[in-house]
Amino acid sequence: MVHRRAIHVLWAVSGVVVAKTMSSHHADVDTVKSRATYMRSPDHVIDQVSDPNLQLKSVQIFFRHGARTPVRTIPNIQQADWNEKTLFEGAQDTYIDYDLCNLKGGPRPEAHVESTYRKVRLSGGSFKGQLTARGMNQMCNLGMSYRKHYVDKIGYLPLDFNSSDIYFRSTNIARTIASLRCVIAGLYGTSLKKQDADHVKIYVSDSESEILYPNWHSCEAVSIFVKGVFKNTDLIPGVRHVRRQLQELIDVHEDHHHLDMVSIRDNLIARLAHGLSYPTYFEPLLDMIERHAVDITMFTMIAHKDNHEKHQHLFPLMVGPILNIIFENIVNAIEKKGSPKLYMYSGHDTTLMPLLAALKIDVDHWPPWSADLILELYENKNNQHFIRVLYMGKEQKVCESQDVLIPYDKFKKCLQQFSLKPSDYAKNCSNPVQ
C-alpha cells in the first residue's frame, strides 16, 4: 500500500543535493511531458546545408522506434489499461508490403528478444514493447519529413521508390520493424501502391550477433560490466538518494527489491505518451527520474563522465560495430562502389545514446520517440569530403569541431579509435579486461 503523504523533493546534481525553485521545477517536469508526447510534424524542417557547391554523396539515418507499450511494470503500482483493441487502431496509412530477411537475403532468423515480450500480457491484453498506432503515426510523419527534404526540396532521392537506392535494416524486434515500415510508408507509400513498384526488403540480424545496440546478451565483456552496474546503481553519483526516496514512496523495502529507475521511467513515459493515468505523486519526480535514468544508462555504456576514463577500453564494445558499418558505408560512397544513396537503420534509444556520446554530442535527456541521427557525406569540387551530422533535424557540431561541416579525415580520427571490425569485436568480447 502506497503511503499517502506529502514528500519533499530534493534534487541531486553531481552528488550535491540542492533545492530547485518551483518555477524551474515545473518547467523541467513540463519538458519531460513534452518529450513523452512528442509527435514530429510531417512538415518538420530538416536543416539544409549552407554551402550550395557541395554535392551530397551518401546519407545514413539511425532512428529510434515510435511510442510503444511499456517493457516493464512498476512494483506496487496498478497497471494502466493497455487496451489491445484501441491502442493499435488509427494508422491505416502506415501499412505496406515488404519482405523480412536475414543479412544475406535468406529467411528471417528467429526473434528471440521479441519472444520475451510475448510471454505475459499487460492489463488490457497488449503485449509488452509493442508499437502502438500513435507510434506508427509518429514514424510515418518522420518518413514524410524525409520525403519533403530528400525528394521534394533537394532532389537527392527520386520521386518513385527504387530498391537499389535505399538499404533498410532493423533490429529483429517487432516495434523496430514496424517503425521502419511506417517510415517507408511516409517516404514512399504512394509510390509503393503502383503495380510495377519495386519490392521493399528489410534486413535483420539474429539476436546473438546484433550490433545495432550494445549487445550485453552475447558479448561477455559487456555482460559482466552491465550486470555489475545494475547490481549496484548506487555507485552512480546522486542515484542512491533518489532510489531510496522512490522506494519509500511506493513502499518497496530496500532489503526486498532494488528499484530499477530506468524501468520506472519507461513505464511512466509510455503512459504519458498514450494519455493514460499514473499516480500523481510521481509528478514532482518526473524530471529527477528522467535525469538519473539517463545517468544510469550512459554509465552502463561507458559514456558517463564518472566512468568513461576508467573503463574506456570497454566503450568500443558498446558502439564499435556500428561505427565500423558507418565507415564502410562512407568508404564505399567515396570509392564509388555503387552503394545505396541512403542507409536506414531502425533501432532503439540504446542505438542512439552511445552514438551521440561517441560524436561528443551531449546526452542530457532521453532520446524521445522517433528521435533520429543523420550522417551525410558531401564532396566539393576538389574531391574533398565532409561529414554533416543532424540530430532530430538540427545540425550538430561534433567531435569538438567549430563547424557543422567536419572534414572527413577529422571525423575519422575522432571516431576510428572506437570502431571495431567483426573479428576484433568477437575477440574482445570473449576476453573481457577487468
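Before any of the text, the structure's been laid out above.
Residues numbered from 1 in each chain as written. Predicted model: local features only at pLDDT ≥ 70, side-chain atom pairs only at ≥ 80, totals over all residues. Heavy atoms only, no water.

**Focus on the packing of helix α9 (residues 315-334) against helix α10 (residues 349-358)**
Running from N to C, α9 and α10 point in directions that differ by 85 degrees, and their axes come no closer than 10 Å. What the angle tells us is that α9 and α10 run roughly perpendicular. In this structure, α9 contributes Phe315, Met318, Val319, Ile322, Leu323 and Ile326 to the contact, and α10 contributes Thr351, Pro354, Leu355, Ala357 and Ala358. Of the residues in the contact of α9 with α10, the class split is 10 nonpolar, 1 polar and no charged. (Axes fitted to C-alpha atoms, helices over the stretch in contact; angles between N-to-C directions. Helix = DSSP H or I, 4+ residues; strand = E, 2+ residues; numbered from the N terminus. Parallel < 35°, antiparallel > 145°, perpendicular 65-115°, else oblique. Contact = heavy atoms within 4.5 Å. Nonpolar A, V, L, I, M, F, W, Y, C, P; charged D, E, K, R; others polar.)

**A look at the packing of aromatic side chains**
Scanning the entire structure with this criterion turns up 10 aromatic pairs. Look at Phe315 and Phe418: their rings are 5.0 Å apart centre to centre, the planes differ by 85 degrees, and that puts the pair in the edge-to-face class. Of this pair, Phe315 sits in helix α9 while Phe418 sits in the loop between α11 (408-415) and α12 (422-430), and the two are 103 residues apart along the sequence. Given a relative accessible area of 2%, Phe315 falls into the buried group. A residue is classified by how much of its surface remains accessible, and Phe418, at 9% relative accessible area, is buried. Plain terms: the ring middles of Phe327 and Phe411 are 6.1 Å apart, the flat faces sit at 65 degrees to each other, and that makes the pair edge-to-face. Of the two residues, Phe327 sits in helix α9 while Phe411 sits in helix α11, which places them 84 residues apart along the sequence. Considered together, Phe327 and Phe411 belong to a single accessibility category, that of buried residues. An aromatic cluster of at least three residues, connected via ring pairs, comprises Phe62, Tyr167, Tyr203, Tyr343 and Tyr345. A cation over a ring is seen here: Lys341 above Tyr156, with NZ or CZ 5.7 Å from the ring centre. (Phe/Tyr/Trp six-rings, centres within 6.5 Å; stacked < 30°, edge-to-face > 60°. Buried < 20%, exposed > 50% of the residue type's maximum accessible area, 1.4 Å probe, protein only. Lys NZ or Arg CZ within 6 Å of the ring centre and 35° of its normal.)

**A short note on the state of the cysteines**
Taken as a whole and assessed by the stated rule, the structure comprises 2 disulfides. Between the sulfur of Cys219 and that of Cys429 lies a disulfide, 2.0 Å long from S to S. Note on the Cys219 and Cys429 pair: the S-S dihedral is about -100 degrees, so by sign convention the disulfide is left-handed. Taken together, the positions of Cys219 in the loop between β6 (201-204) and α5 (220-231) and Cys429 in helix α12 put the pair 210 residues apart, joining distant regions of the chain. The same class applies to Cys219 as to Cys429, namely buried. Two residues share a disulfide in this structure: Cys399 and Cys414, whose sulfurs sit 2.2 Å from each other. Judged by the sign of its S-S torsion, about -85 degrees, the bond between Cys399 and Cys414 is left-handed. Remark: Cys414 occurs in helix α11 and Cys399 occurs in the loop between β10 (394-396) and β11 (405-407); sequence separation between them is 15 residues. The exposure class of Cys399 is buried, given its relative accessible area of 6%. Exposure remark for Cys414: the relative accessible area of 11% places this residue in the buried category. What connects to what in the chain, once the bonded cysteines are numbered by sequence position, is 1-4, 2-3. You can see Cys182 has no disulfide; the closest cysteine sulfur is in Cys140, sitting 6.5 Å from it. (Disulfide = S-S within 2.5 Å.)

Geometric descriptors of this kind do not, in isolation, establish any biological role.
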